[in-house]
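What follows is the residue order along each chain.
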Amino acid sequence: MFPDGKRIADEAVYLDKNRSSLEPKEAFKLLGNLIRKAQHTKSASLLDVGCATGELLLYFKNNLPGFNYFEGIDVLNTLINQARKQVPDVEFRIGSALDTKYFLQRRFDVVVCCGTVQIFDDLRLPLENFLSCARKNASILICSPFNEEPIDVITRYRRSESAASDWELGWNIFSCKTVDYILEQSGYNLSWSWHPFDMPFAIPKRNDPMRTWTIKTEEKPFQTINGASQLINMKVVHIRVNGLPE
Ligand SMILES: C[S@@+](CC[C@H](N)C(=O)[O-])C[C@H]1O[C@@H](n2cnc3c(N)ncnc32)[C@H](O)[C@@H]1O
């Protein structure tokens, strides 16, 4: 039977005391550039779904001056508690990308979701939720591994040092075509663009083999891979909401 999966590494990664000295992720810079180019009106609001301890929101607070309201949600209360301490003047809530009620009650000019949709086995519900809280002219930016081939991949992996360990999730790879299809069927007036994101420098292998590292290939100097033998090719899909359904 296809096993249910768990996330077990997020607290170890995001509550690590040495994290505060890290540079902002390259993906955050790409997301910030795309949001700046989209030229949202002054006093815009932004939601980060799967915000962990608020690192992306801290980066945006310092780098997106036109925005006057930031909110972050994450399922883990330990991460949200840390986010509240770490990033002042941001509204943090414990919540799920899959909770339709939460999204229906809110409106944002920008919704960002970085490194999180690959946890879900179905992309349709989170995408519909992000759309349901979008204002007219909003941007939705999703950063994840996406497959240029028309193939969706569901992944479960397990640490083989203990046969009894849980199956974990977080490395599903949906095809760009699946995203295109869901957006075309959404009932919203949308336009969207794809932005490949390649690492500009090497990342060494770390203790946890499911944290990505880079290798040199014929095509890329810094190809990201993980310990499940997957090539990880991140992309951002930037969706513009030109019109809401009647
Ligand atoms: C790989 S981390 C990415 C964190 C952050 N966005 C970043 O880019 O550094 C995935 C995050 O998604 C959160 N998460 C897992 N399931 C979720 C759900 N159903 N709704 C919202 N967040 C979720 C995890 O707790 C974790 O903080």
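Summarised in this report is the structure supplied together with it. Note that the structure is a prediction, hence the values are computed from the model and not measured.

Quick word on the overall build of the protein chain
Here is step 1: Within the protein chain one finds seven helices and ten strands.
Here is step 2: Relative to the 2.2 N^0.38 estimate, which gives 18 Å for 246 residues, the radius of gyration of the protein chain is 18 Å and therefore close to what a compact globule would have.
Here is step 3: Taken along the three principal axes of its C-alpha coordinates, the protein chain extends 50 × 40 × 40 Å.
Here is step 4: When burial is assessed residue by residue, the protein chain has 30% of its 246 residues classed as buried.
Here is step 5: Taking as baseline every contact in the protein chain between residues at least 6 positions apart, the subset at least 24 positions apart corresponds to 70%.

Focus on the site of the ligand
Here is step 1: Close to the ligand lie 20 residues, the nearest being G50, A52, A97, C114 and G115.
Here is step 2: Secondary-structure elements contributing two or more residues to the shell around the ligand are α3 (55–63) and β2 (67–74).

Focus on the nonpolar core
Here is step 1: Grouped together as the largest cluster of nonpolar side chains are 51 residues, with contacts concentrated most on L31, V111, V112, C113 and I140.
Here is step 2: Tallying contributions element by element places strand β5 (residues 134–147) first for this core, with seven residues.
Here is step 3: Excluding residues that lie within four positions of it along the chain, C113 makes contacts with V49, G50, A97, F130 and I142.

Some details on the pairing of strand β3 (residues 91–94)
Here is step 1: Pairing between β2 and β3: four bridges, direction parallel. Bridging from a neighbouring strand, I73 pairs with R93 of β3.
Here is step 2: Crossover connection from β2 via helix α4 (residues 77–86) to parallel β3: handedness right-handed.

Description of the environment of A52
Here is step 1: Within the fold, A52 resides in the loop between β1 (44–49) and α3.
Here is step 2: Exposure remark for A52: the 24 C-beta atoms within 10 Å place this residue in the buried category.
Here is step 3: It is 5.3 Å that separates the C-alpha atoms of A52 and L79, two residues lying 27 residues apart in sequence.
Here is step 4: With near-sequence residues (within four places) excluded, A52 lies in contact with D10, Y14, D74 and L79.

With respect to unusual backbone geometry
Here is step 1: Phi is positive for A52, which is not a glycine, with a value near 50°.
Here is step 2: With a phi angle near 60°, D89 is a residue other than glycine that sits in the positive phi range.
Here is step 3: Tracing the chain through its elements places D89 in the loop between α4 and β3.

Quick notes on the rules
Residues numbered from 1 in each chain as written. Predicted model: local features only at pLDDT ≥ 70, side-chain atom pairs only at ≥ 80, totals over all residues. Helix = DSSP H or I, 4+ residues; strand = E, 2+ residues; numbered from the N terminus. Rg over C-alpha atoms; globule rule 2.2 N^0.38 Å. Buried ≥ 20, exposed ≤ 12 C-beta atoms within 10 Å, placed from the backbone. Contact = placed C-beta atoms within 7 Å. Near = placed C-beta within 6 Å. Core = buried A, V, L, I, M, F, W, Y, C linked by C-beta atoms within 7 Å. Pairing = 2+ DSSP bridges. Right-handed = clockwise from strand over helix to strand, strands pointing away.

So, to be careful, I would describe these as geometric facts and stop short of saying anything about function.
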